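Now for the letters of each chain:
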Amino acid sequence: MTTVLSLRGATKRFGGLVAVNDLDFDVAEHEVLGLIGPNGSGKSTTLNLISGALRPTSGTISLRGSAISGLPAQDIARRGVARTFQLVRLLPSMNVLENVMAGAVFGHRRRWGHDAEAQAMRMLEKVGLERRAQAPVGQLTYIDTKRVELARTLAGEPKVLLLDEWLAGLNPTELEEGISLIRALRDEGRTIILVEHVMDAIRSLCDRCVVMSSGCKIAEGDTEAVLSDPEVIEAYLGTEDA
Amino acid sequence: MTRTEIQQVALAAALLAAAACLPFVSDAYLLSIGVTIAMYTVLATSWALFSGPTHYISLATAAFFGIGTYVTGMGIEHLPYWLLLPIAGLIGAVLAALVGIATLRLSGVYFVIFTLGLAELVRQIITWFQNISGQKGLYVLTAITEEHIYWQLVGLAALVFLTGWAIWRSRLGFAVRILGDDEEVARHAGINTARVKVLLFMVPGAVAAITGAILAPRYVYIEPSIAFTPMLSFQVVIMALLGGTGRLWGPIVGVIPFTFLWEAISGTFPNQTTLLLGLSFLVIVYLLPKGFVGLMQSARNRVNRREGFA
């Protein structure tokens, strides 16, 4: 399997706090990698380092062999890394279709005019929102805003998709829809990094997991094996005498 | 082009043609108001092209405008007049790009202060230069009449509207709408936000400089305090906000009533103009934050909703 994305010694310091400490991992093509760990363990910071929202203090991140660490976010996006945000970010003055077109026009593969509109419509069909294309984003339900954001990231045909707690905050019915939507993406052979807390989703979607605690990687491997690792359980639940 | 777009372009062309006929039917006083309206239409519309979607309030209009007047003032003896306008535009655009590169990565407040300071800086440089050269002001003596100035401004207005319309339809226009909504999203979608802002800021820079170059013959005598008056920058902001920056035609809806209001104010209270300008600024920001355009839109929404229930 070819490696699409790799982190080597990726580190992020905020003053004295080390949010991400010397992190190494690879993501292979067509793989869904779960990035998990307790709150404050540095998962979102890691995602921000990959997408270019933050610059790593040291270490390298490379996409298909060429370094992307230190590049501005727009260059990383153009090279093929697209992301959703932990708190959904849509463009409030535009309708659903225009929101998705933003990804189609300026993303990894750039389109314009009817071509961009058709691509945006295909992405809306994929996430099941084609009938709301002309709706203002203010009228959408919570899961639908998440679908729009997902469609926007897909529209530029990225090589790697970063989903930051995309399933958080959904009710049980929505969660099922959400999981099957991401499973469909996985079946298309997309490369995805999933930061997630929902255990069911991690179990059913991720091929492998990287577990972080206090900024460090504490485990990596097949999802089932990692989730039954005593050190991982300890990181989530604490030690017995705590 | 869709049918509504063709209708809009036709309407705009008809209105501009009608505006161009003003000198044939008006007296000197009305024409001078016409020049003022045309001038602020050009300035406020081009200002809103950049500041509307990006929400960066630029107070640099006077800097570009003043430079334009000086291009005409200094160049009229040496170069043909028609060449001075593009030169002024070029200088304005280059200066705007330099200012943009230096400041547009900053957050909004710093940008406002910097642009206000820029007009003062250029003014002081010219004053200093005049002091060491011993020259006081500049006489601009030409055969250009008020009518000529008016027609040039209407032509420039047409050019500004055309530019704004072309930008709105382009990738640049889409990019600036996205970054106006959420700069973080824009960057992560792959938009070079710094370049978009700099490119767009060059438009009001160039337009204000050309406007200054066109108006220089009207002043006859120019000196830094006239050419770089900060009042101009504030008036442009007030008029654009009064009309509304959400639409290309928004600012002109503010320019026309405000010009007449201002004419009345400066005629009746000539010593309190600055105070009243400040007051009108407060009133507009508090009562009409989205301008007349926003007011019309919310009225239309209300009507639509009522019809929807009926």
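Rules used throughout
- Residues numbered from 1 in each chain as written.
- Chains lettered and ligands numbered in written order.
- Predicted model: local features only at pLDDT ≥ 70, side-chain atom pairs only at ≥ 80, totals over all residues.
- Helix = DSSP H or I, 4+ residues; strand = E, 2+ residues; numbered from the N terminus.
- Rg over C-alpha atoms; globule rule 2.2 N^0.38 Å.
- Buried ≥ 20, exposed ≤ 12 C-beta atoms within 10 Å, placed from the backbone.
- Contact = placed C-beta atoms within 7 Å.
- pLDDT = per-residue confidence, 0-100.
- Domains from an automatic or database assignment.
- Pairing = 2+ DSSP bridges.
- Core = buried A, V, L, I, M, F, W, Y, C linked by C-beta atoms within 7 Å.
- Nonpolar A, V, L, I, M, F, W, Y, C, P; charged D, E, K, R; others polar.
- Axes fitted to C-alpha atoms, helices over the stretch in contact; angles between N-to-C directions.
- Parallel < 35°, antiparallel > 145°, perpendicular 65-115°, else oblique.
- Expected span 1.5 Å × (residues − 1).
- Left-handed = near helix turned anticlockwise from the far one by under 90°.

Caption draft 1: Region of the structure containing the overall build of chain B. Secondary structure assignment for chain B yields 15 helices and two strands. Relative to the globule expectation of 19 Å for 310 residues, the C-alpha radius of gyration of chain B, 20 Å, shows essentially globular dimensions. By its C-alpha atoms, chain B is 70 × 50 × 40 Å across when sized along the principal axes. Put simply, chain B has 310 residues, and 43% of those count as buried. Across chain B, every contact between residues at least 6 apart in sequence was considered, and the portion connecting residues at least 24 apart equals 81%.

Caption draft 2: View of the confidence of the model for chain B. Averaged over chain B, the pLDDT score is 90; the fraction of residues at 70 or greater is 98%. Scored by ipTM, the complex comes to 0.91, with pTM at 0.89.

Caption draft 3: Representation of the domain arrangement of chain A. Residue and element names in this part refer to chain A. Here the domain parsing of chain A yields domain 1 (1-80 + 159-242) and domain 2 (89-157). The C-alpha-based centres of domain 1 and domain 2 are spaced at 24 Å. On the domain 2 side, the residues contacting the 13 residues of domain 1 number eight residues. When contributions to the side of domain 1 that touches domain 2 are tallied by element, the ones reaching two or more residues are helix H2 (73-79) and helix H6 (172-187).

Caption draft 4: Region of the structure containing the pairing of strand E8 (residues 191-195) of chain A. Residue and element names in this part refer to chain A. Within E8, five of the five residues are buried, which leaves it mostly tucked inside the rest of the structure. Burial along E8 is two-sided: the residues Thr191, Ile193 and Val195 and Ile192 and Leu194 are all buried. Bridge count between strand E3 (residues 32-36) and E8: four bridges; the pairing is parallel. Bridged to leucine 35 within E8 is valine 195. Here five bridges tie strand E7 (residues 160-164) to E8, and the two strands are oriented parallel to one another.

Caption draft 5: Here's a closer look at unusual backbone geometry. Residue and element names in this part refer to chain A. Notably, aspartate 22 is not glycine yet its phi reads approximately 50°, a positive angle. Along the chain, aspartate 22 falls in strand E2 (residues 17-28). Residues other than glycine seldom take positive phi values, yet histidine 30 does so here, at roughly 65°. Among the structural elements, histidine 30 can be located in the loop between E2 and E3. Judged by C-beta crowding, with 16 C-beta atoms within 10 Å, histidine 30 ranks as partly exposed.

Caption draft 6: Structural view of the nonpolar core. Val100(A), Ala151(A), Leu194(A), Leu153(B), Ile178(B) and Ala209(B) are the most contacted members of the largest nonpolar core, which totals 158 residues. Per-element accounting of this core gives the leading share, 15 residues, to helix H10 (residues 193-219) of chain B. Domain assignment of the residues forming this core places at least three in each of domain 1 (1-80 + 159-242) and domain 2 (89-157) of chain A. Leaving out residues up to four positions away in the same chain, Ala151(A) has contacts with Val100(A), Met123(A), Leu124(A), Lys126(A), Val127(A) and Leu129(A).

Caption draft 7: Structural detail: the interface of chain A and chain B. Taken together, the contact between chain A and chain B spans 18 residues of the former and 16 residues of the latter. Of all the elements in the fold, those that place two or more residues in the side of chain A that touches chain B are H2 and helix H3 (96-106) of chain A. Of the residues contributing to the side of chain A that touches chain B, the split by class is nine nonpolar, six polar and three charged.

Caption draft 8: Geometry of the sheet that holds strand E10 (residues 216-222) of chain A. Residues and elements named next belong to chain A. Spatial ordering of the open sheet is given by E6-E7-E8-E3-E9-E10, a layout of six strands whose pairing is mixed. The open sheet has two edge strands with one neighbour each: strand E6 (81-83) and E10. Within this sheet the neighbouring strands show an average axis-to-axis angle of 20°, counted without direction. Pairing between strand E9 (residues 208-213) and E10: six bridges, direction antiparallel. Pairing of cysteine 209 across the sheet is with glycine 221, part of E10. The strands touched by helix H1 (residues 43-51) are E3, E6, E7, E8 and E9; relative to E7, the strand with the most contacts, the crossing angle is about 150°.

Caption draft 9: Structural context of the sheet that holds E2(A). Residue and element names in this part refer to chain A. If you walk across this open sheet you meet the four strands as E2-E1-E4-E5, and the pairing is antiparallel. The outermost strands of the open sheet, each flanked by one partner alone, are E2 and strand E5 (66-67). Examined bridge by bridge, strand E1 (residues 3-14) and E2 share eight bridges and lie antiparallel to one another. Each residue of the ladder has a partner; that of leucine 5, found in E2, is valine 27. Along the sheet, H1 makes contact with E1, E2 and strand E4 (58-63), crossing E2 at roughly 65°.

Caption draft 10: Representation of the environment of Val20(A). Here Val20(A) lies in strand E2. Taking the C-alpha atoms as reference points, Val20(A) and Ser41(A), separated by 21 residues in sequence, lie 8.0 Å from one another.

Caption draft 11: Structural context of the environment of Phe14(A). With respect to the helices and strands, Phe14(A) occurs in strand E1. Note: C-alpha distance between Phe14(A) and Thr57(A) (43 residues apart in sequence) is 8.9 Å.

Caption draft 12: Main features of the packing of helix H7 (residues 146-169) of chain B against H10(B). Residues and elements named next belong to chain B. Between H7 and H10, the least distance of the axes is 10 Å, while the angle of their chain directions is 175°. By the angle between their axes, H7 is roughly antiparallel relative to H10. Counting all contacts with H7, which are made through Ile149, Gln152, Leu153, Leu156, Val160 and Thr163, the residues of H10 involved are Val203, Val207, Ile210, Thr211, Ile214, Leu215, Pro217 and Arg218. Here the contact of H7 with H10 is built from residues that sort into ten nonpolar, three polar and one charged.

Caption draft 13: Representation of helix H14 (residues 273-287) of chain B within the structure. The end-to-end C-alpha distance of H14(B), which contains 15 residues, comes to 21 Å, matching closely the 21 Å that a straight helix rising 1.5 Å per residue would cover. For H14(B), the buried fraction is low: zero of the 15 residues fall into the buried class.

Caption draft 14: Seen up close, helix H5 (residues 81-103) of chain B. All names here are of chain B. The end-to-end C-alpha separation of H5 is 33 Å, in line with the 33 Å expected for 23 residues at 1.5 Å each. When H5 is considered as a whole, its buried residues turn out to be Leu84, Ala88, Gly89, Ile91, Gly92, Ala93, Leu95, Ala96, Val99, Gly100 and Thr103. Tucked into the core, H5 has its buried residues touching helix H4 (61-75), helix H6 (108-133) and H10.

Caption draft 15: Highlighting the packing of H4(B) against H10(B). Residue and element names in this part refer to chain B. Remark: H4 packs on H10, axes separated minimally by 6 Å, with the N-to-C direction vectors making an angle of 50°. Taken together, the axes of H4 and H10 are oblique relative to one another. H4 and H10 meet at a crossing whose hand is right-handed. Together, Thr61, Phe64, Phe65, Gly66, Ile67, Gly68, Thr69, Val71, Thr72 and Gly73 of H4 and Gly205, Ala208, Ala209, Ile210, Thr211, Gly212, Ala213, Leu215, Ala216, Pro217 and Tyr219 of H10 make up the contact between the two elements. The class makeup of the residues in the contact of H4 with H10 is twelve nonpolar, nine polar and no charged.

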